[in-house]
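Coordinate inspection notes
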Amino acid sequence: MVRLPLTPAELERGQRLGALLRRARGERSMLLTALDAGVSPETLRKIESGRIATPAFPTIAAIADVLGLSLDAVWSEINKSDGSAELPRATRTARQRLAS
């Protein structure tokens, strides 16, 4: 099966997803986050760097769950096209709980 090249919009959305996950992960180690989500650290690294612009839904669902992100918030944030994507409010609260 031949995979079609990604569009610029898909590549940009992948960059926003990676940035969102990096911010949500904060000080938490990439290794522990990946292991808790059941994905390889290399997969998480590639998603965070935008090298995997369209990761599988179960992968994102697992990572979002570990980071305390709702999938609705992730979808909303990565589909902003003006570059103003911010960490969802619920995630800030989760990160504050972890810091306590």
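Residues numbered from 1 in each chain as written. Predicted model: local features only at pLDDT ≥ 70, side-chain atom pairs only at ≥ 80, totals over all residues. Heavy atoms only, no water.

**Here's the deal with helix 1 (residues 8–25)**
Counted only if it meets this: Put simply, DSSP H or I for four residues or longer makes a helix, DSSP E for two residues or longer makes a strand, and each gets a number counted from the N terminus. Between the first and last residue of a helix there are one fewer steps than residues, each counted as 1.5 Å, and that sum is the expected span. When a residue's accessible area, from a 1.4 Å probe over protein chains only, is under 20% of the maximum for its type it is buried; when over 50% it is exposed; and in between it is partly exposed.
Given a rise of 1.5 Å per residue, 18 residues ought to cover 26 Å, and the 26 Å separating the end C-alpha atoms of helix 1 matches this to within 8%. Along helix 1, the positions that sit buried rather than exposed are Gly-14, Arg-16, Leu-17, Gly-18, Ala-19, Leu-20, Leu-21, Ala-24 and Arg-25. Once helix 1 ends, the next one or two residues include Gly-26, with phi positive near 55°.

**Topic: the nonpolar core**
The condition that has to hold: Take the buried Ala, Val, Leu, Ile, Met, Phe, Trp, Tyr and Cys residues and link them wherever side-chain atoms come within 4.5 Å; each set so joined is a nonpolar core.
Among the nonpolar cores identified, the biggest contains 17 residues, and Leu-17, Leu-21, Ile-47, Ile-63, Leu-67, Leu-69 and Val-74 are the most heavily contacted of them. For this core, the secondary-structure elements that each account for two or more residues are helix 1, helix 2 (30–37), helix 3 (41–49), helix 4 (57–67) and helix 5 (71–78).

**Here's the deal with the packing of helix 1 against helix 4**
Heads up, the condition is: Axis angles are defined between N-to-C directions and span 0 to 180 degrees, where every axis is a line fitted to C-alpha atoms and, for a helix, only to the segment in contact. Just so you know how the angles are binned, under 35 degrees is roughly parallel, over 145 roughly antiparallel, 65 to 115 roughly perpendicular, and the rest oblique. Should the near helix be turned anticlockwise from the far one by less than a right angle, the crossing is termed left-handed; should it be turned clockwise, right-handed. The contact definition used throughout considers only heavy atoms, calling two residues in contact when any of these lie within 4.5 Å. In this count, Pro and Cys sit with the nonpolar residues alongside Ala, Val, Leu, Ile, Met, Phe, Trp and Tyr, while Asp, Glu, Lys and Arg are called charged and the others, Gly among them, polar.
Running from N to C, helix 1 and helix 4 cross one another at 30°; their axes reach a closest spacing of 10 Å. In this view, helix 1 runs roughly parallel relative to helix 4, as classed from their interaxial angle. Seen along the crossing, helix 1 lies across helix 4 with a hand that is left-handed. Every residue of helix 4 that contacts helix 1 at Leu-17, Leu-21, Ala-24 and Arg-25 is listed here: Ile-60, Ile-63 and Leu-67. Considering only residue class, the contact of helix 1 with helix 4 consists of six nonpolar, no polar and one charged.

**Looking at the layout of surface pockets**
Selection rule: The rule is simple: put a 1 Å grid over the protein atoms alone, call a set of points where a 1.4 Å probe fits but cannot get out a cavity, call an open set with protein on both sides within 12 Å along at least five of seven lines a pocket, and count a residue as lining if it has an atom within 4 Å of a point. Grid points are joined across faces, edges and corners, and a volume is the space filled by probe spheres set on the points.
Put simply, the largest pocket is a space of about 250 Å³. Lining the largest pocket are 13 residues, with Leu-17, Pro-55, Ile-60, Trp-75 and Ile-78 positioned closest to its centre. Elements with a contribution of two residues or more to the lining of the largest pocket: helix 1, helix 4 and helix 5. Counting residues per element, the lining of the largest pocket draws most heavily on helix 5, at four residues.

**Quick notes on the pattern of salt bridges**
What counts is decided by this rule: Here, a salt bridge means any side-chain nitrogen of Lys or Arg that lies within 4 Å of a carboxyl oxygen of Asp or Glu.
Summed over the entire model, instances satisfying the criterion amount to six salt bridges. Glu-48 is paired through a salt bridge with Arg-25; the nearest N and O atoms lie 2.8 Å apart. With Glu-48 in helix 3 and Arg-25 in helix 1, this pair connects stretches of sequence that are 23 residues apart. Taking relative accessible area as the criterion, Glu-48 reaches 4% and is therefore assigned buried. As a salt-bridge pair, Glu-77 and Lys-80 come within 3.4 Å of each other at their nearest N and O atoms. Residues joined in a network through salt bridges with shared partners are Glu-42, Arg-45 and Arg-51.

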